[in-house]
Number of protein chains: 2
Amino acid sequence: MTETPSDTADGEALDPEMVVEQHEQQLQDILAEVDEPTPSDDGPTLDLAGLELNRRDFVKAGVATGAMTGLAGCSGNLLGSDHSGGASNSSTGSAPDHKVSPGEHDEYYGFWSGGQSGEIRVMGIPSMRVLMRIPVFNTDASRGYGYDDETREMLEGAGDYTWGDNHHPVLSETDGDYDGEYLWVNDKANGRIARVNLTYFETDAITDVPNVQVVHGCAAQSPDTGYIFGNGEFRTPLPNDGRDVHSPENYESLFSALNPETMETEWQVKVDGNLDILDTDKDGRWAISSAYNSEEAVEVSGMTHDDRDYVKAFDVPAIEQAVENGDYQEVNGVPIVDGTQQSPLNRGDSPIVRYIPTPKSPHCVEVEPNGEYAMVAGKLSPTVTILDIAALDESSDPADVVAGRPKVGLGPLHTTFDGNGHAYTSLFIDSQAAKWDIQAAVEAENNSTEPVIEKIDVHYNPGHIQAVEAMTTDPAGEWLISLNKLSKDRFLPVGPIHPDNDQLIHIGQGETEMELVADHPAYPEPHDCVFAHKNKLDPATTWNKADYEGDKEFVTQKKSGVERTGEQSMHVKTSSMRSEYGLTEFTVKEGDEVTLTVTNIEGVRDMIHGVAIPEYDIHLAIAPQDTREVTFTADKPGVYWFYCTYFCSALHLEMRSRMLVEPRDG
Amino acid sequence: MTETPSDTADGEALDPEMVVEQHEQQLQDILAEVDEPTPSDDGPTLDLAGLELNRRDFVKAGVATGAMTGLAGCSGNLLGSDHSGGASNSSTGSAPDHKVSPGEHDEYYGFWSGGQSGEIRVMGIPSMRVLMRIPVFNTDASRGYGYDDETREMLEGAGDYTWGDNHHPVLSETDGDYDGEYLWVNDKANGRIARVNLTYFETDAITDVPNVQVVHGCAAQSPDTGYIFGNGEFRTPLPNDGRDVHSPENYESLFSALNPETMETEWQVKVDGNLDILDTDKDGRWAISSAYNSEEAVEVSGMTHDDRDYVKAFDVPAIEQAVENGDYQEVNGVPIVDGTQQSPLNRGDSPIVRYIPTPKSPHCVEVEPNGEYAMVAGKLSPTVTILDIAALDESSDPADVVAGRPKVGLGPLHTTFDGNGHAYTSLFIDSQAAKWDIQAAVEAENNSTEPVIEKIDVHYNPGHIQAVEAMTTDPAGEWLISLNKLSKDRFLPVGPIHPDNDQLIHIGQGETEMELVADHPAYPEPHDCVFAHKNKLDPATTWNKADYEGDKEFVTQKKSGVERTGEQSMHVKTSSMRSEYGLTEFTVKEGDEVTLTVTNIEGVRDMIHGVAIPEYDIHLAIAPQDTREVTFTADKPGVYWFYCTYFCSALHLEMRSRMLVEPRDG
């Protein structure tokens, strides 16, 4: 299969290298403009010659038309690397075997966002095996998610949605540690936040956050989950009902706080620019968010025009006080507090939102385990800006909050921690992970490369990077995941759409060299992950009917039956147990609205039953002691064999019954 | 989290062991009735005492209320086993490491059906990593499948379907070997067969097979793929339009033959009973199908009442001749030939369908690599019935076709081959794989256990079993996959819905002992898989626009623009390239029908772009040189930022444009 050349703007065939060149020039023009925003900053300087060299090496190696992906494909080693790159490197060091033998359990749960797949993936670490998928913002017939009445209503919401784009999974905390109760995740595509119940590993609530088009960053308050915070990234008219479509100067973006129990949006804060990603401090006071496009432009050139942007630090108690004082406008039932730089609420000694200048377009904020510092990765600057969290409160000059700014490499996006004083930053452009010493970085001159201890090549172009339990006050170290956006030639080719590549890297407690242990193909496009030790979760292995009684009936074999509930409506109830349904048949009239309630009366683990109704696009998955319900119109006359989809016994194939739909005029 | 007891038929709490007992009694009653169908068969005898003993051991071990899953949970070793069971066994033997080091490639492609998930999964063997998912009978936002106009129309068909239940993936063959062109798979839920293009790894055709409700078995003609065959399993009125719903005696089931190129249904054959699973011979003449419920009953007790059922051997050239002779009825445009036992076409010396008696409810047919024998696993009989394919033609007495019937263990479901004279049969009830000698089985007395060489415990309750390239004339051996339906305690708990467990077993060339190498959790519920050596496929890494020109435009940057095509319709065209769309904004009126055409003009591998339109439930995934199109009604006024969902460059976050929907009355 041959590669085809790309087309230029005017439709002529073009050497792929030229496309690369064009994009590279665009990015270099932007990088060249990155300037230091504060007197204490010596300003990043970029060794673009080194970048160019590496790109040439790549082209020289003959991969320009194949594996080369433009600037994104560069493996520039501005600060050197102890590890060789390329597709042939492998695990040769002293890392423990990551293989988990048959029948043995992984040590950690990993929860992966699924990006535009809409799902959460549960992985075992260190084996990297996907143990389960949890549908969240996607329909998924396997689990009947979006097919039974309850999950369909929750998923579709008021927008008739069938998909979402989830990025940032966060776990519930008690006393600064994971309590195994809940996971929350954002939907960038539709401005939603969902909650996953970790007893049943099922999505149990989805909130369409009012007044925001997309939610990007998502974080849980620490040390106890009092709020779930969400960043409304894109600026839109408020409300977005057709007004001001041609007046971008009137667009707004909002920061939102949700109650984790009720999932209601309690308050929102209006800010300047586009909010990106956030983290919280360890004391329940600050939510700190990166932001870009202070220019409030609508095109990429304008968004990257100015030298600096502003990290926003939200003073949660001060915002609560403003709400209590009535200092808000209410839109769609939610109090919106003005947190823009021009707001009167930001003029005094206790601003509700602090604006911390950084090099332009910073990408992410991560708070290290001690809660002293927040790390702001530069993206277009090769630095990480270290914020002193205590200084947010004490200092009157926001610029003094900057405690350091190590130069870590090109395209720093995210930072994670091993709990032993080290930070690990993903370098998107360099395709590396940089390990650096936090204290050394605070003590060093700005833009010093001295704090960088070691780098390792990853394959290719990492986004998020996560070490085990790095977001808690006591990270476990040992394993690091680099979530790489491109895999290129790392796996057997599977057509034009490639998997991502999550790489498992051994880091020990930070005392050893980083070692690449495994490549793991990921279905596009996971964005982030979070880990919890296996002992911190206590999942149920069957349902407890007390958890749904009142909403749905527990249908025993004896209670199985059919009831006509109206002129054109029926309620059909059936149990399921190896290898029969409680009803062997039921008859309805064409046009009847049928509610089908199915209970799995099995009491033993893993003995799941399904109900598929052919040609009616219906599927239920019913775990032991669970009840599911679906309502549909029997609009096609005929015989429909509904059958069990979960292979349950030697007589599984025979586990089926008939729905007989009599013609209305018959 | 505590296990809750199941409820009995009358709503009283019940000891889970009693549920087990009840189901076991039901199955034992059935097993006890299994009788030999022919004089040459000594008749299977079941050591139910052994079964009982093992169940008691299980209960005694204290797992009755937890991991115990009824009869399905038994690990009965009627014939002994060289391998210990339980959750703690691990790889300790001489099998080669199945780990594939970072950057190295797997040796084989594995294509897994995804069951009720509707997808095909591409796995690397031996690493067991899922390299890619291919949506087939499911919507999948990651790839925009079911979201762009073309794939949505193909998926939904006339039934507005959003899901399906795929079981049996088969690969296209030329000269008896895989040619890497296509994969086909059935949809049990809606009677469809789909084709996946293995150049692009995308579903390119779905046929709703006329006159059948579900398609279960699916096979490709060998040695060259002249037909795709599908088993219509459930019997329904013909046509199923409301007639005869209460007259099961008038229900029919059909065997179908599709043209692999046009995907049209060329002819169908009406048969007795329920067709189950099939395979083809190696000479393009026979399609051989298992079948059950010769009683044509509608409840499980009736379906398993009689002693025997009949494997159906379809004589393809004879059926073609009957069609040519006009010996058919036409229903919904398809010629249906009468292949029932009473058919005149089956009365002469050259019946179009041969009915071969077997112990009742056989589950599967697999033809061994030499094409001499077809193996029919007994399911309710502990035997595999070996059919002599040459004798199908020669013998006048169908019973003489039976060449042997080794007794392999309880619940035999499927058989696979290493190419060195060995067969491997999955034992659902015993939770084992049995390796046996084919020639010895032909030479032995019926019901002899002598041909069985070795057994290995699997965890738990296997369905399909596949060795590498076992369906070709030259299997590679080395690796065996046991696709187990239950995983119970094998992985970290992930809630009431459990993964399946695909286990990797090393078999070498059949000369060594089987060795369990890895457990792999599988999202419910894969049914079967097929392997091809990596050198047999040649996937494209970008699209070739010549493959869609004429249907869709290749939109360059210069061609990007907006055209009003009617009073209330617009055509919007845009290119995409790092890090901008060809259009930075477009304006439509509320209520306009908008067709959005997007081309990814990148020429380099893995540089995918997406288009998400917030709140409009739209997502496109566009690989390099590909064009995708979606049509929707702009029914919500406001500003909608459409953005790139595939992380493509350091300016990916800024890659977005605006759709401005002006109020109709504004």
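Quick look at the structure, then. Because the structure is predicted, anything quoted here is derived from the model rather than measured.

### So, the sheet that holds strand β30 (residues 500-508) of chain B
Residues and elements named next belong to chain B. Across the sheet, which stays open at both edges, the 4 strands sit in the order β28-β29-β30-β31 with antiparallel pairing between neighbours. Strands at the two margins of the open sheet, each flanked by one partner only, are β28 (462-467) and β31 (515-522). Looking at each pair of strands side by side, their axes are set apart by 20° on average, direction ignored. Pairing between β30 and β31: 7 bridges, direction antiparallel. The residue bridging D502 from the neighbouring strand is H520, located in β31.

### Regarding the environment of A141(B)
Mapping A141(B) onto the fold places it in the loop between β5 (129-135) and α3 (149-156). A141(B) sits in the buried class, given a relative accessible area of 5%. Through-space distance from the C-alpha of A141(B) to that of L620(B) is 7.7 Å; in sequence the pair is 479 residues apart. Other than its neighbours up to four places away in sequence, A141(B) contacts Q116(A), W163(A), Y147(B) and H619(B).

### Let's talk about helix α3 (residues 149-156) of chain A
All names here are of chain A. Where α3 is concerned, the buried positions are T151, M154 and L155. The buried residues of α3 occupy one face: seen down the axis, they fall within an arc of 95°. Taken together, the buried residues of α3 touch β8 (192-197), β9 (202-208) and β40 (627-633). With its phi angle positive at about 55°, G157 sits one or two positions after the end of α3.

### Observations concerning the environment of A205(A)
All names here are of chain A. Considering the arrangement of structural elements, one finds A205 in strand β9. Relative accessible area serves as the criterion here: at 13%, A205 is assigned to the buried category. It is 8.4 Å that separates the C-alpha atoms of A205 and I193, two residues lying 12 residues apart in sequence. When residues no more than four places from it in sequence are discounted, the contact partners of A205 are M154, I193, A194, R195 and M263.

### Here's the deal with the relation of the copies chain B and chain A
Copies of the same chain, two in number, are related to each other by a rotation about an axis and a translation along it. Between chain B and chain A, which share one sequence, the superposing operator has a rotation angle of 180° and an axial displacement of 0.0 Å; the RMSD is 0.0 Å. The transformation just described matches what one would write down for a two-fold rotation axis. Comparing interface residues between copies, 100% of those in chain B also lie at the interface in chain A; the contact surface is shared.

### Quick notes on the interface of chain B and chain A
Between chain B and chain A, the contact holds 185 residues from the first and 185 residues from the second. For the chain B and chain A pair, buried surface summed over both sides reaches about 15,900 Å², with 58% attributable to carbon and sulfur atoms. At the boundary of chain B and chain A, one finds 4 salt bridges. In this structure, E654(B) engages K379(A) in a salt bridge whose closest nitrogen and oxygen atoms are separated by 2.8 Å. Our count for the contact surface shared by chain B and chain A stands at 65 residue pairs in polar contact (both at pLDDT 80 or more). The element best represented in the side of chain B that touches chain A is helix α1 (residues 16-33) of chain B, accounting for 7 residues. Its residues placed into classes, the side of chain B that touches chain A shows 87 nonpolar, 54 polar and 44 charged.

### Concerning the sheet that holds strand β15 (residues 286-292) of chain B
Residue and element names in this part refer to chain B. An order of β14-β15-β16-β19 is seen for the 4 strands of this open sheet, with the pairing classed as antiparallel. In the strand order of this sheet, the two ends are held by β14 (274-280) and β19 (353-359), each with one partner. Neighbouring strand axes in the sheet, compared pairwise and without regard to direction, differ in orientation by 25° on average. Note that β14 and β15 share 5 bridges and pair antiparallel. Looking at β15, one finds that T280 is bridged to A287. Contacting β15 and β16 (308-315), helix α5 (residues 316-324) crosses the sheet at an angle of about 70° to β16.

### Focus on the pattern of salt bridges
Under the counting rule described, the total for this entry stands at 55 salt bridges over all chains. Note that R235(B) and E296(B) form a salt bridge whose closest N and O atoms lie 2.9 Å from each other. Residue R235(B) is found in the loop between β11 (228-232) and β12 (253-258), and its partner E296(B) is found in the loop between β15 and α4 (300-303); the two are separated by 61 residues along the sequence. Residue class for R235(B) comes out buried when judged on its relative accessible area of 4%. Looking at E296(B), the relative accessible area reads 24%, which means it is partly exposed. For the salt bridge of D519(B) with R490(B), the shortest nitrogen-to-oxygen distance reads 2.7 Å. With D519(B) in strand β31 and R490(B) in the loop between β29 (478-484) and β30, the pair connects residues that are 29 residues apart, well separated along the chain. For the pair D519(B) and R490(B), one class covers both residues: buried. Connected via shared salt-bridge partners are R143(A), D148(A), E202(A), D626(A) and R628(A).

### With respect to empty space enclosed by the protein
All chains considered together, the criterion is met by 16 cavities of 30 Å³ or more. Forming the walls of the largest cavity are 38 residues, and the residues nearest its centre are M128(A), R129(A), H520(A), M128(B) and H520(B). Within the residue set of the lining of the largest cavity, elements represented by two or more residues are β4 (119-125), β5 (129-135) and β31 (515-522) of chain A together with β4 (119-125), β5 and β31 of chain B. Split by residue class, the lining of the largest cavity holds 20 nonpolar, 6 polar and 12 charged.

### A closer look at a negative patch on the surface
Residue and element names in this part refer to chain A. A contiguous patch of negative charge on the surface is contributed by E264, E266, E320 and E324. As for its position among the elements, E320 is in helix α5 (residues 316-324). Judged by its relative accessible area of 32%, E320 is partly exposed.

Definitions and limits used
Residues numbered from 1 in each chain as written. Chains lettered and ligands numbered in written order. Predicted model: local features only at pLDDT ≥ 70, side-chain atom pairs only at ≥ 80, totals over all residues. Heavy atoms only, no water. Pairing = 2+ DSSP bridges. Helix = DSSP H or I, 4+ residues; strand = E, 2+ residues; numbered from the N terminus. Axes fitted to C-alpha atoms, helices over the stretch in contact; angles between N-to-C directions. Buried < 20%, exposed > 50% of the residue type's maximum accessible area, 1.4 Å probe, protein only. Contact = heavy atoms within 4.5 Å. Arc of directions from axis to C-beta. Least-squares fit on C-alpha atoms with pLDDT ≥ 70 in both. Buried area = accessible area lost by both parts, 1.4 Å probe. Salt bridge = Lys/Arg side-chain N within 4 Å of Asp/Glu carboxyl O. Polar contact = N/O pair within 3.5 Å; in protein donor to acceptor, adjacent residues only side chain to side chain. Nonpolar A, V, L, I, M, F, W, Y, C, P; charged D, E, K, R; others polar. 1 Å grid on protein atoms, 1.4 Å probe; cavity = no way out; pocket = protein on both sides within 12 Å on 5 of 7 lines; lining within 4 Å. Points joined across faces, edges and corners; volume = space filled by probe spheres on them. Patch = residues over 30% accessible without salt bridge, like charges linked within 9 Å, V, L, I, M, F, W, Y side chains within 5 Å. Areas by Shrake-Rupley, 256 points an atom, 1.4 Å probe, with all protein chains shown as cover. Lys, Arg positive; Asp, Glu negative; His and termini not counted. Charge placed at Lys NZ, Arg CZ, Asp CG, Glu CD.

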